[in-house]
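# Structural description and commentary
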Amino acid sequence: MAVTDMGRGVADAPPKVALLNNPRVRGAIYQVLLAVVLVYLVYAGIGNMLGNMERAGISTGFGFLDNTAGFAISQSLIDYDQGVSTYGRVFVVGLLNTLIVAVIGIFFATIIGFLVGVARLSNNWIVNRLATAYVEFFRNIPLLLHIFIWYFGVLRLLPQARDSFDFGFLGLLNNRGYFAPKPIWGEGAMLILYALIAAIAIAWGISRWAHKRQMETGQIFPAFWTGLGLIIGLPLLAFLVMGAPLSWDIPVAGGFRPSGGMTVIPEFLALLVALTTYTAAFIAEIVRAGILGVSKGQSEAAHALGLRQGQNLRLVIIPQALRIIIPPLTSQYLNLTKNSSLAVAIAYPDLVSVFQGTTLNQTGLAPQIVAITMLTYLTISLLTSAFMNWYNNRVALVER
Amino acid sequence: MTKTVLTGVLGAAVLALGASTASAATLDDVKAKGFVQCGVSQGLPGFSNPDADGEWSGMDVDLCRGIAAAIFGDATAVKFTPLSAKERFTALQSGEVDVLSRNTTWTMSRDTQLGLNFAGVNYYDGQGFMIRTDMNINSALELSGASICTNTGTTTELNVADYFRANNMEYELVAFEKADEVVAAYDAGRCDVYTTDQSGLYAQRLKLTDPGAHKVLPEIISKEPLGPVVRQGDDQWFNIIKWVHNATLNAEELGVTMDNVEEMKESDNPAIRRLLGTEGEFGTDIGLDNDWAAKAIAAIGNYGEIFDRNVGPDTELAIGRGVNALWSQGGLQYAPPIR
């Protein structure tokens, strides 16, 4: 009986229900309510905070960003003068320090991760076991410990400034850091840069043309090697034509620390190595999972078509594996960036250390500074995600 | 680090969502919960340092015990919260601690911009430099180009900057979150120089592998009046902290000690009788019993005793009284009279 009733109701006309019981209207009402409550909570929270801060006599506003900071920072990618630069400048210096360790860390972690991930699938017993040992060792020890091991463990082994390891032209290494030779570009150096840009543009054009020609005629053009040759060759040519406008500022030992050259501080090295090796272990597992996720039939089909092993990997396996690899890889990139805030433990002047640390302490304005810092990390993470999502869409399966 | 962020965020959250924390009468809260929550350092011998059993000792700790004794007659009615340099003000502002007694330098911006009040100076300090003896350096003016280790978020960073700028010298600053890491990095040779308040240098030197191989340079480059801090807006609590400290100074001046405080109550000297509550109603005026000072002194002794017990010549730190002597003996320690 009940079954026929229901059947008839659906068949005849949309059932008459009260507007409030309409699931779509109801859903919309709940969402609007939730949004209103959330907005009110945020509004009330901020209002309450401002009120409390005023009552407690704590300064509000962001005027402090224009005040002179007056403390030194051991690594700065832009001009920073402790006597003149403001807290706003400190923020930029800290942000750049965070970004540089994150970008370089992501670069190396990806390379090491891919190598180790592929090595774990190797048929060679030793390579396979070494890769497994690497992953298990680095993945299972807390990152902070890694950082301390690299910093205090490795630092203690390096010599004092006066007994530096001297690599001649390659600079000096001691417990104050790595003192590298600094390139000084002479007149006409810009031409080399232009040559490099032109080479990249031409290489890109050739690769497009080669792809098109292969699609039309099936003929293969060695676009990769041509491009590589151009990218190295053109700037080199420009360099020689301009009469080698390059000299090196080589660091010299002496005094408390070597003078001249560029300094890479040990805090940066320790943090970079720790972040890279730790994240690479996770990336290796993601890569392994991605490759194993591609069905064996794909390889067999590729071989049946006559593709060689290298072509099989490059054209069949990797593109499909990437679809599985990219989303979790994005998480690892975000983790690495956020984990770089552990820098504060070893005095690397990242955003958390100089801004959310020193600046907060000098000014005492916790709400503003914590908010700025959180927003900054949020922005970096969202931008990284957006880029990776764009890339993921590009490599996603195109169904025809 | 995680805790620091947490404190910062929680501090902000408490400020955002909590009821006004600053206006409540701290004394009533403290009496209701039965103990004083005292913010101290994470371990600085002579000022606030836990021993193997977790028992805290030091000058800053004694001040907290004195406050507890003045309120409850029990010097153990106090709980300690170890705070890093950067957590300390947020912890006090958000009401996590009742009083901050953590070798904190009294500066104008801290006093005026953070909603806090400094209740006195229990140690006059100054920033100094420590260096390896075998570097053969005898003056801070020879330090151009040196790498300098210190704590982040302290006045020391700014003082070093000023000093080196004023003398046209270069330096590299390596600033760590925790004092233990500063000591480890200095010990490992990352830096040539360790800088912090001179009392701190003597204290941290004890943690080095070979304390004898390091010396403190003679220059003092800053004024560092260290003292207890309370929230602004609660004058009663502010007065209590201020006067417990003043009572220990007055006691030393008047010759009242931990041992003779009971017999001194019967003294003929009216100043002593007022201090110990035999005469006058000074205790009830600040919301305590009249023998508040007597209870505090019985628990922690007078200022001289506190100094000698924690940092004086017979301790490992072996710091002389210097500017921390009473005004009557050529020092700076001076308390207004109780009358």
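Residues numbered from 1 in each chain as written. Chains lettered and ligands numbered in written order. Predicted model: local features only at pLDDT ≥ 70, side-chain atom pairs only at ≥ 80, totals over all residues.

## Considering the overall build of chain B
- Broken down by element type, chain B carries 14 helices and 13 strands.
- Taking 2.2 N^0.38 as the reference for a compact globule, 339 residues should give roughly 20 Å; the C-alpha atoms of chain B span a radius of gyration of 21 Å, in line with that estimate.
- Over its C-alpha atoms, taken along the principal directions, chain B stretches across nearly 60 × 50 × 40 Å.
- Here the analysis covers contacts within chain B between residues at least 6 apart in sequence; of these, 73% occur between residues at least 24 apart. (Helix = DSSP H or I, 4+ residues; strand = E, 2+ residues; numbered from the N terminus. Rg over C-alpha atoms; globule rule 2.2 N^0.38 Å. Contact = placed C-beta atoms within 7 Å.)

## Observations concerning the sheet that holds strand β8 (residues 127-132) of chain B
Residues and elements named next belong to chain B.
- Spatially, β10-β9-β11-β8-β12 is the arrangement adopted by the five strands of the open sheet, whose pairing is mixed. A strand with exactly one partner marks an edge of an open sheet, and here the two such strands are β10 (171-176) and β12 (214-216). Going from strand to strand, the sheet's axes swing by 30 degrees on average, the running direction of each strand aside.
- Both strand β9 (residues 146-151) and β10 contribute to a ladder of six bridges, which runs parallel. The residue of β10 that forms the bridge with Ile148 is Leu173.
- Against the sheet, helix α7 (residues 179-187) engages β9, β10 and β11 (193-197), with an angle of about 155 degrees to β9.
- The strands that helix α8 (residues 198-205) touches are β8, β11 and β12; relative to β11, the one it contacts most, it runs at about 125 degrees. (Pairing = 2+ DSSP bridges. Axes fitted to C-alpha atoms, helices over the stretch in contact; angles between N-to-C directions.)

## Some words on the interface of chain A and chain B
- Taken together, the contacts link 41 residues of chain A with 45 residues of chain B.
- Every element with two or more residues in the side of chain A that touches chain B is listed here: α2 (23-55), α5 (143-157), α11 (351-363) and α12 (366-395) of chain A.
- In the side of chain A that touches chain B, the residues fall into 19 nonpolar, 18 polar and four charged. (Nonpolar A, V, L, I, M, F, W, Y, C, P; charged D, E, K, R; others polar.)

## Thoughts on the environment of Ala386(A)
- Assignment of secondary structure puts Ala386(A) in helix α12.
- Through-space distance from the C-alpha of Ala386(A) to that of Leu228(A) is 29 Å; in sequence the pair is 158 residues apart.

## Quick word on the pairing of β8(B)
All names here are of chain B.
- Within β8, five of the six residues are buried, leaving the element largely enclosed by the surrounding structure.
- Here β8 runs beside β11; their pairing, made up of five bridges, is antiparallel. By the bridge assignment for β11, Met130 is matched with Tyr194.
- Where β8 and β12 come together, three bridges link them in antiparallel fashion. Bridge assignment links Ile131 to a residue of β12, and that residue is Lys215. (Buried ≥ 20, exposed ≤ 12 C-beta atoms within 10 Å, placed from the backbone.)

## Considerations on the domain arrangement of chain B
- One can read the domain layout of chain B as domain 1 (2-16 + 25-124 + 225-329) and domain 2 (127-222).
- Domain 1 of chain B puts 15 residues into the contact, and the matching count from domain 2 of chain B is 14 residues. (Domains from an automatic or database assignment.)

## Looking at the packing of helix α3 (residues 87-120) of chain A against helix α4 (residues 125-139) of chain A
Residue and element names in this part refer to chain A.
- Where α3 meets α4, the closest approach of the two axes is 7 Å, and the angle between their N-to-C directions is 130 degrees. Considered as vectors, α3 and α4 are oriented oblique to each other. Handedness of the crossing formed by α3 with α4: left-handed. Of the residues in α4, those in contact with Val116, Ala119 and Arg120 of α3 are Val127, Asn128, Ala131, Thr132, Tyr134 and Val135. (Parallel < 35°, antiparallel > 145°, perpendicular 65-115°, else oblique. Left-handed = near helix turned anticlockwise from the far one by under 90°.)

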